[in-house]
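Structural features, examined
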Amino acid sequence: MKLIVLLFFFLHLDSITIVLSSSPRAPALYVFGDSMFDNGNNNFLPTLAKVNFLPYGVDFAEGPTGRFTNGRTIPDYIAEYMGLPYPPPYLSIKESTPITGLNYASGTCGILPESGIQWGKCLTLDDQIELFQRTVQSELPKYFKDTNQLMDYLSKSLFVFSIGSNDYFYMYLEPNVFHQSKIYTPEEFADLLLSRLSQRFERLYNLGVRKLVMLEIGPVGCIPSITRNRANQNGKCDEESNQIVSYFNHKLPQMLRNLTSTLQASTFVHGRFGWLLYDAIMNPSNYGLADSSNPCCTTLFSGATICIPLPKACINPDDHVFFDGSHITEALVSVIAAHCIDDTSVCNPPISQLIQM
């Protein structure tokens, strides 16, 4: 299995090389979400959730840029496959807006506007959509001769989302001032999040979005930030936390199908990120990994936070599932991205088909 995964990855890299030397497969890639996708927006915000320092980016060509991992993110790999430059952080743009896409994602943010405020300011989901609306209505029109041409460009572009885990981590699973677990049952909380997310996706549709991939929430009960703070752990994961999040993941596909069926000429894709990550944690050797429990970098509180600045990361990050207390390494990122691009069991339709539709 390890050989198969590595062979699949190398074949994928070959395809990226071919694409980058030819015309892009789609006009643009737009990125939304949380720290899984943030590539530097938090650098420009008053927040403690900044990772623009080593050992973050230790395996990235540009060094520590604000990506919450040692190397590339899932959107980076998708951009390479599409033959596009990495979408820059929206807050980093000083002059002309790139027509090849932008990244609005922001670490610690969630679907609910209160998620992650313990860390400081982040771009909430509503903030991100507001910024995209500004992009569509004020910044992009100068590149197109009329509205029809702009809408055609948006309909052929790809939009990717990773959001929701912080709503559980900061609003439901951990003690906080909001006490959502005392107000909602797990199923009710999932319904609340999905209802709000559906409304925001419909708003994006009205702005011109037609092809959108939404990754499900990962197994938060397996991340070191959770497992290191749970007493009497008898395994790799706190399955009670995973069960609570499972209500969201089980209901997400139907919500996306409803949008696809009711919003004309749209395709909302469910990405089985949680299932794939859980399998890698339970069976790391199948993915060419060795350690699925410990962070690669040095952190505070025995692995339960982001990395401490400057100390070197572990000798071989490619052996680890987790880079810090919450985020995965580039080694696993590359596998997940490759599966979503080509594997119908993870993303259906996969990105390779979606961008041709």
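Throughout this document, residue positions are counted from 1 along each chain, in the order its sequence is written. Predicted model: local features are reported for residues with pLDDT of at least 70 only, side-chain atom pairs are reported and counted for 80 or more only, and whole-chain, interface and lining totals are derived from all residues. Excluding hydrogens and water, the side-chain values take into account all heavy atoms of the structure.

Operational definition: UniProt positions are given in the numbering used here, feature names are shortened, and annotations may be inferred rather than shown by experiment.
Going by an unreviewed UniProt entry, the chain carries the name GDSL esterase/lipase 7-like and comes from Erythroxylum novogranatense. What the UniProt record of the chain gives under Subcellular location (unreviewed entry) is the line "Secreted". We quote the UniProt Sequence similarities (unreviewed entry) comment for the chain here in full: "Belongs to the 'GDSL' lipolytic enzyme family."

1. Digging into empty space enclosed by the protein
A probe as big as a water molecule, rolled over the atoms, marks out the empty space that is left. Stated formally: Within this scheme a cavity is a closed region of a 1 Å grid, computed over the protein atoms alone, that accommodates a 1.4 Å probe without allowing it to escape, whereas a pocket is open but has protein on both sides within 12 Å along at least five of seven lines; lining residues each have an atom within 4 Å of a point. Grid points are joined across faces, edges and corners, and a volume is the space filled by probe spheres set on the points. In this classification, the charged set is Asp, Glu, Lys and Arg, the nonpolar set is Ala, Val, Leu, Ile, Met, Phe, Trp, Tyr, Cys and Pro, and all remaining amino acids, among them Gly, are polar.
This model, assessed by the stated rule, comprises one cavity of 30 Å³ or more. If you go around the largest cavity, the residues you meet are Ser-35, Met-36, Phe-68, Thr-69, Thr-73, Ile-74, His-327, Ile-328 and Val-333. Residues that form the lining of the largest cavity fall into these classes: five nonpolar, four polar and no charged.

2. Brief notes about the packing of helix H10 (residues 273-282) against helix H11 (residues 330-342)
Put simply, the test is: Here, axes are lines fitted to C-alpha atoms. For helices the fit covers the stretch in contact, and angles between N-to-C directions go from 0 to 180 degrees. Helical segments are the DSSP runs of H or I of at least four residues, strand segments are the runs of E of at least two, and each set is numbered from the N terminus. Here the angle decides the label: under 35 degrees means roughly parallel, over 145 means roughly antiparallel, 65 to 115 means roughly perpendicular, and every other value means oblique. In a left-handed crossing the near helix is turned counterclockwise from the far helix by less than a right angle, and in a right-handed crossing that turn is clockwise. Contacts are assigned to residue pairs with any non-hydrogen atoms lying within 4.5 Å of each other.
For the pair H10 and H11, interaxial distance at closest approach is 11 Å and the crossing angle is 140°. Considered as vectors, H10 and H11 are oriented oblique to each other. Where H10 crosses over H11, the handedness of that crossing is right-handed. Taking contact as the criterion, the partners of Phe-273, Leu-276, Leu-277 and Ala-280 in H10 are, on H11, Leu-332, Ile-336 and His-339. Across the contact of H10 with H11, the residue classes tally to six nonpolar, one polar and no charged.

3. Observations concerning the state of the cysteines
By definition, a disulfide is the covalent link that joins the sulfur atoms of two cysteine residues. Cut-off, in case you're wondering: When two cysteine sulfur atoms are found within 2.5 Å, that pair is recorded as a disulfide. Relative accessible area decides the class of each residue, using a 1.4 Å probe on protein chains only: under 20% of the type maximum gives buried, over 50% gives exposed, and in between gives partly exposed.
Scanning the model with the defined rule gives five disulfides in all. Note that Cys-222 is cross-linked by a disulfide to Cys-237, the S-S spacing being 2.0 Å. Where Cys-222 bonds to Cys-237 through sulfur, the torsion about that S-S bond is close to 105°, and the disulfide is right-handed. Taken together, the positions of Cys-222 in the loop between strand E3 (211-215) and helix H8 (224-227) and Cys-237 in the loop between H8 and helix H9 (239-262) put the pair 15 residues apart, joining distant regions of the chain. Residue class for Cys-237 comes out buried when judged on its relative accessible area of 9%.

4. Focus on the confidence of the model for the chain
Defined as follows: Confidence of the predictor at the level of single residues is given by pLDDT, which spans 0 to 100.
Taken as a whole, the chain shows an average pLDDT of 90; of its residues, 90% reach a score of 70 or greater. Taken as a whole, residues 1-21 scores under 50 in pLDDT and shows 28 contacts with residues more than four places along the chain or in a different chain.

5. Here we look at the packing of helix H3 (residues 125-139) against helix H7 (residues 186-206)
Interaxial distance between H3 and H7 falls to 11 Å at its minimum, and their mutual angle equals 5°. Classified by the angle their axes make, H3 and H7 are roughly parallel. Seen from H3, the contacting residues are Leu-125, Asp-126, Ile-129, Glu-130, Phe-132 and Gln-133; seen from H7, they are Leu-197, Arg-200, Arg-203 and Leu-204. By residue class, the composition of the contact of H3 with H7 is five nonpolar, one polar and four charged.

6. Some points on the pairing of E3
The condition is simple: Being paired, for any two strands, means DSSP has found at least two bridges between them.
With five of its five residues buried, E3 lies for the most part within the structure. Of the two faces of E3, the one carrying Lys-211, Val-213 and Leu-215 and the one carrying Leu-212 and Met-214 are both buried. Where strand E2 (residues 158-162) and E3 come together, four bridges link them in parallel fashion. Within the sheet, the bridge partner assigned to Ser-162 lies in E3 and is Leu-215. Of the pairings in the sheet, the one linking E3 to strand E4 (residues 267-271) comprises five bridges and is parallel in character. Paired with Leu-212 across the bridge in E4 is Phe-268.

7. Let's talk about the pattern of salt bridges
For clarity, the threshold we go by: Counted as salt bridges are all cases of a side-chain nitrogen of Lys or Arg within 4 Å of a carboxyl oxygen of Asp or Glu.
Enumeration over the complete set of coordinates arrives at nine salt bridges. For the salt bridge of Asp-76 with Arg-67, the shortest nitrogen-to-oxygen distance reads 2.8 Å. Like Arg-67, Asp-76 is buried. Here Glu-187 and Lys-251 are joined by a salt bridge, their closest N and O atoms 3.0 Å apart. On the criterion of sequence distance, the pair formed by Glu-187 in helix H7 and Lys-251 in helix H9 is long-range, its members being 64 residues apart. For Glu-187, a relative accessible area of 39% gives the class partly exposed. A relative accessible area of 26% places Lys-251 in the partly exposed class.

8. With respect to the pairing of E2
Of all five residues in E2, five are buried; the element is thus mostly enclosed. A two-sided burial pattern is seen for E2, the buried positions comprising Leu-158, Val-160 and Ser-162 on one face and Phe-159 and Phe-161 on the other. Here strand E1 (residues 29-33) pairs with E2 via five bridges, running parallel. Residue pairing across strands places Tyr-30 opposite Phe-159, the latter belonging to E2.

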